[in-house]
Amino acid sequence: MSQDHRSLDSIDRVGVVGAGTMGSGIAQVAATHGYDVIVRDIEQEYVENGFETIENSLGRLDDRDSLPDGEDTETIRNRIEGTTDLADLADCDLVVEAALEDLDVKRDVFADLDDLVDDEAVLATNTSTISITSIAIATERPERVVGLHFMNPVPIMEGVEVVVGEKTTDGITALAHEFAEALEKTTWESDDKPGFVTNRILMPWLNEGIRAYDEGVATKEDIDAGMELGTNVPMGPLTLADHIGLDICLHASETLHEELGDRYQPAYLLKRKVEAGELGKKTGKGFYEYE
Ligand SMILES: NC(=O)c1ccc[n+]([C@@H]2O[C@H](COP(=O)([O-])OP(=O)(O)OC[C@H]3O[C@@H](n4cnc5c(N)ncnc54)[C@H](O)[C@@H]3O)[C@@H](O)[C@H]2O)c1
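These figures come from a predicted structure and were not determined experimentally.

Conventions and cut-offs
Residues numbered from 1 in each chain as written. Predicted model: local features only at pLDDT ≥ 70, side-chain atom pairs only at ≥ 80, totals over all residues. Heavy atoms only, no water. Helix = DSSP H or I, 4+ residues; strand = E, 2+ residues; numbered from the N terminus. Rg over C-alpha atoms; globule rule 2.2 N^0.38 Å. Contact = heavy atoms within 4.5 Å. Areas by Shrake-Rupley, 256 points an atom, 1.4 Å probe, with all protein chains shown as cover. Lys, Arg positive; Asp, Glu negative; His and termini not counted. Charge placed at Lys NZ, Arg CZ, Asp CG, Glu CD. UniProt positions renumbered as here; feature names shortened; annotations may be inferred. Domains from an automatic or database assignment. Buried area = accessible area lost by both parts, 1.4 Å probe. Polar contact = N/O pair within 3.5 Å; in protein donor to acceptor, adjacent residues only side chain to side chain. Nonpolar A, V, L, I, M, F, W, Y, C, P; charged D, E, K, R; others polar. Axes fitted to C-alpha atoms, helices over the stretch in contact; angles between N-to-C directions. Left-handed = near helix turned anticlockwise from the far one by under 90°. Patch = residues over 30% accessible without salt bridge, like charges linked within 9 Å, V, L, I, M, F, W, Y side chains within 5 Å. Salt bridge = Lys/Arg side-chain N within 4 Å of Asp/Glu carboxyl O. Core = buried A, V, L, I, M, F, W, Y, C linked by side-chain atoms within 4.5 Å. Buried < 20%, exposed > 50% of the residue type's maximum accessible area, 1.4 Å probe, protein only. Near = heavy atom within 4 Å.

Some thoughts on the overall build of the protein chain
In step 1: When helices and strands are counted, the protein chain shows 11 helices and 8 strands.
In step 2: Expected size for 291 residues packed as a compact globule is a radius of gyration near 19 Å; at 19 Å, the protein chain falls within 12% of this value.
In step 3: Considering only contacts in the protein chain between residues 6 or more positions apart, those separated by 24 or more positions represent 67%.
In step 4: Accessible area of the protein chain: about 13,900 Å², with a carbon and sulfur share of 46%.
In step 5: Averaging the coordinates of the 24 positive side-chain charges in the protein chain and doing the same for the 62 negative ones gives two points 5 Å apart.

What follows is the structure, given as structure tokens:
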């Protein structure tokens, strides 16, 4: 076994940084598969919101008999601790960072984690669009930093994109796949290029759907129907953008635009909607209205 390869068996305790949409989902799925998990957010209120999300999600899965055999909501919930102190993650074997999509925030988190955790520990980021290498250079172990890009909602979506930074070793990449598979996810791998596989292709598709609507090609319902019925995707671009959050779509598009040029320019209407505070499902209004 190469020196960089910490085996899956040596991962018992998983740290998650950020208890928002993604962090709470990652914590839940890791705990569901037997890991001891500690989740850190910056305010106790955010930690508590994360637990509320986890409890609601576990309750829904239990109602549908979708928890693994022999597991119950309370046992899973009790595997997860919350904290506002990053130092409490010191004894984690693997940490997944799911804080804000901001390079400076992520670099600070990684530099702090690098000081705290064991030299052998693996540091993963759930970033959607930021370079793994740019984050990894904030540490003295860039070879042990990898992208573990879970999809939203984490407990439901099967896929995880493993993103390989410039310095990530083969052993750590293999371990990232194994860890995701231990959570019953299916992985694919991307090089550390802007947007990886998913957002590189998804963001222009969403923006084109928004532009087609803005230019009067069809009604929003017909644009969605055309893509759903015509190409067999489960959600058309306007519905999906509302689900993701229009602010998140805009932020991702702007990052890709900066890195990849004009073909990634965000749609005007996407910018206007975000300025107007119509961010999609989470605010009750985006392209569609929600109860
Ligand atoms: N939402 C999605 O659809 C989605 C999908 C894939 C990947 N991602 C990525 O996952 C990451 C998190 O996204 P999200 O949607 O969960 O965001 P979110 O806003 O729901 O949650 C982020 C959380 O991080 C916390 N936070 C901020 N700074 C922190 C710090 N220094 N330490 C600990 N916590 C901190 C915030 O308080 C917040 O609770 C981002 O990098 C995002 O690009 C999001």
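After presenting the structure, the write-up continues.
Some words on the UniProt feature "domain: 3-hydroxyacyl-CoA dehydrogenase NAD binding" (unreviewed entry) in the protein chain
In step 1: UniProt's entry tags residues 14-187 with the feature "domain: 3-hydroxyacyl-CoA dehydrogenase NAD binding" (unreviewed entry), counted in the numbering of this structure.
In step 2: Each end of residues 14-187 is marked by a C-alpha atom, and these two atoms are 19 Å apart; helix forms 40% of the span and strand 20%.

Here's the deal with the domain arrangement of the protein chain
In step 1: The domain boundaries assigned to the protein chain delineate domain 1 (8-191) and domain 2 (197-283).
In step 2: Taken together, the 9 residues of domain 1 in the interface contact 6 residues of domain 2.
In step 3: Around 620 Å² of area is buried between domain 1 and domain 2 when both sides are counted, 54% of it from carbon and sulfur atoms.
In step 4: Our enumeration of links across domain 1 and domain 2 arrives at 4 residue pairs in polar contact (both at pLDDT 80 or more).
In step 5: Among the elements that line the side of domain 1 that touches domain 2, the one with the most residues is strand β8 (residues 186-191), at 3 residues.
In step 6: Residue classes in the side of domain 1 that touches domain 2 are distributed as 2 nonpolar, 4 polar and 3 charged.

As for the packing of helix α7 (residues 198-214) against helix α9 (residues 237-244)
In step 1: Running from N to C, α7 and α9 cross one another at 120 degrees; their axes reach a closest spacing of 9 Å. Along this stretch, α7 crosses α9, giving a crossing that reads as left-handed. Counting all contacts with α7, which are made through L202, W205, L206, G209, I210 and Y213, the residues of α9 involved are P237, L238, L240, A241 and I244.
In step 2: Here the contact of α7 with α9 is composed, by residue class, of 10 nonpolar, 1 polar and no charged.

Observations regarding a negative patch on the surface
In step 1: Together, D102, D104, D108, D112, D115 and E140 make up a region of like negative charge exposed at the surface.
In step 2: Residue position: D102 is located in the loop between β4 (94-97) and α4 (103-116).

Things to note about the nonpolar core
In step 1: Counting residues in each nonpolar core, the largest one holds 38 residues, and the members touching the most others are I26, Y35, V37, I80, L148, F150 and F179.
In step 2: The leading source of residues in this core is helix α1 (residues 21-32), at 6 residues.
In step 3: Those residues in contact with L148 that sit more than four places away from it in its chain are V96, A124, T125, N126, V160, E161, V162, A176, F179 and A180.
In step 4: Among the nonpolar cores identified, the runner-up in size contains 19 residues, and L89, L123, V145 and V163 belong to it.

Comments concerning the site of the ligand
In step 1: In the neighbourhood of the ligand, 23 residues make up the surrounding shell, with M22, D41, E101, K106 and S128 lying closest.
In step 2: Between E101 and the ligand, the recorded distance is 2.5 Å, taken from a side-chain N or O atom to an oxygen atom.
In step 3: Relative to its free-state accessible area of 830 Å², the ligand is covered by the protein chains to the extent of 83%.
In step 4: For the shell around the ligand, the elements supplying multiple residues, two or more each, are α1, α4 and β6 (145-150).
In step 5: In terms of residues, the shell around the ligand owes the most to one element, α4, which gives 3 residues.
In step 6: Looking at the shell around the ligand, its residues break down into 11 nonpolar, 8 polar and 4 charged.

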